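Architecture at a glance
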Amino acid sequence: MERSSGIGKDGVAVSGSCVSKSKHCPEQARDELISILTKREKVHGRSISAFRLVVFYVKIRPFRARIPGPRLVILLALGAILSAYPYATNFVRSLPYRRCLMQQPGATKNLFRPAEDCSICQEVQKIEKISNIDSTLFEERYAYSGRPVVVTDATKNWTAMQAFSFAFFKELYKDQEFDCQFFPYKTGFQSLRDVFDMSMSRALLESGTEPWYVGWSNCDENIGSILREYYYRPYFLPDTSESEKTDWIFMGSPGYGAPMHVDDVKYPSWQAQIQGRKKWTLEPPRECQYSCTRLEVTVDSGEIIVLDTNKWYHQTLIVSEDISITIGAEYD
Ligand SMILES: O=C(O)CCC(=O)C(=O)O
């Protein structure tokens, strides 16, 4: 999982150079490609099963009968055909679209990401603040529509609201060496270790000390379980959706935040404001600039913003006088 720029599944993108509305053009190619890529995983599984079947057959035959006889040769040939067949059909299916497809080098992902369908933002004039929302209604209106929203009443019973602090995270990570993903923003920190090694006066934003703002993802299972003791899965998420196990934590000083960018993660995310206030500025995808508007919302302590960070360019700024601490995750 990588937060920074955006592009489709498996690093494969559809180039925009195809003739519009023809069989070879991006929309059809993309749909077809997604179906091919999805199938590829199933196909891979099937080939492995065919191979395992042959191995199993050879194993259960009595030892004397294991010497390759005509039946075994036929069986092996059948196994090979069975394994190769799905790959071959998949390859043939993808032929008409090959000229529309290209492997995307990491550095150009953002430049050549597939165009968004601007219906995700055309109707959105502001970011609503809602409460007491039923998960079915949430699913219908917000969960997967690309419409950003702030839910104001979802952290009520979270002990995270009192427990999370710089000192809490410092203690939690004291024996942890590995940072999953770390964003130093404008600080000179190289790692989370550097963050927790800063002086307590700087950490507590005392006057005369240098401001700081960092973000990181947690992929340590033990720490993940501890964090989950302090918050619940937001009640409004669709019943069938899973919250990703990776938590994202952002923390730091007023006046700081993340620069404008778009992510390349799997799913939309929620982010809970545990302490402080943060202003979010969202810009529609570049191709929707003329049909959609730029949005702004300030998320207060206790509120949760739900946003598809793969679609909306976003930038943040801490506007409270005290430290801002947030925790969030993706949901599928
Ligand atoms: O919370 C922040 O300051 C930045 C969040 C962000 O950029 C993200 O979730 O992609």
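Everything discussed here concerns the structure shown above.
Read on for an overview of the structure. Remember, it's a predicted structure, so these values are computed and weren't measured experimentally.

**Examining the sheet that holds strand 9 (residues 278-283)**
With antiparallel pairing, the 3 strands of this open sheet are ordered in space as 10-9-12. Both outer strands of the open sheet, strand 10 (295-299) and strand 12 (313-318), are each paired with one neighbouring strand and no more. Averaged over all adjacent pairs, the angle separating strand axes in this sheet is 20°, with direction ignored. As paired strands, strand 9 and strand 12 are joined by 6 bridges and run antiparallel to one another. When the bridges of strand 12 are listed, Leu282 appears paired with His314.

**Observations concerning the pairing of strand 6 (residues 213-218)**
Within strand 6, 5 of the 6 residues are buried, which leaves it mostly tucked inside the rest of the structure. The sheet contact formed by strand 5 (residues 181-183) and strand 6 spans 3 bridges and is antiparallel. The residue of strand 6 that forms the bridge with Phe182 is Trp216. Note that strand 6 and strand 7 (residues 247-252) share 6 bridges and pair antiparallel. Bridge assignment links Gly215 to a residue of strand 7, and that residue is Phe250.

**Comments concerning the nonpolar core**
Within the largest apolar cluster, 42 residues are counted, with the highest numbers of intra-cluster contacts made by Val150, Val151, Ile304, Ile305 and Val306. The biggest single contributor to this core is strand 11 (residues 304-307), with 4 residues. Dropping the residues within four chain positions of it, Ile305 is found in contact with Pro148, Val150, Gln271, Trp280 and Val299.

**Digging into helix 3 (residues 135-143)**
Taken together, the buried positions of helix 3 are occupied by Phe138, Tyr142 and Ala143. Along the long axis of helix 3, the arc covered by the buried residues comes to 70°, so they all point the same way. Across from the buried face of helix 3, at angles greater than 90 degrees, the exposed residues are Thr136, Leu137 and Glu140. In the core, the buried residues of helix 3 are packed alongside strand 4 (149-151) and strand 11.

Each value, and the rule that gives it
- Residues numbered from 1 in each chain as written.
- Predicted model: local features only at pLDDT ≥ 70, side-chain atom pairs only at ≥ 80, totals over all residues.
- Pairing = 2+ DSSP bridges.
- Helix = DSSP H or I, 4+ residues; strand = E, 2+ residues; numbered from the N terminus.
- Axes fitted to C-alpha atoms, helices over the stretch in contact; angles between N-to-C directions.
- Buried ≥ 20, exposed ≤ 12 C-beta atoms within 10 Å, placed from the backbone.
- Core = buried A, V, L, I, M, F, W, Y, C linked by C-beta atoms within 7 Å.
- Contact = placed C-beta atoms within 7 Å.
- Arc of directions from axis to C-beta.

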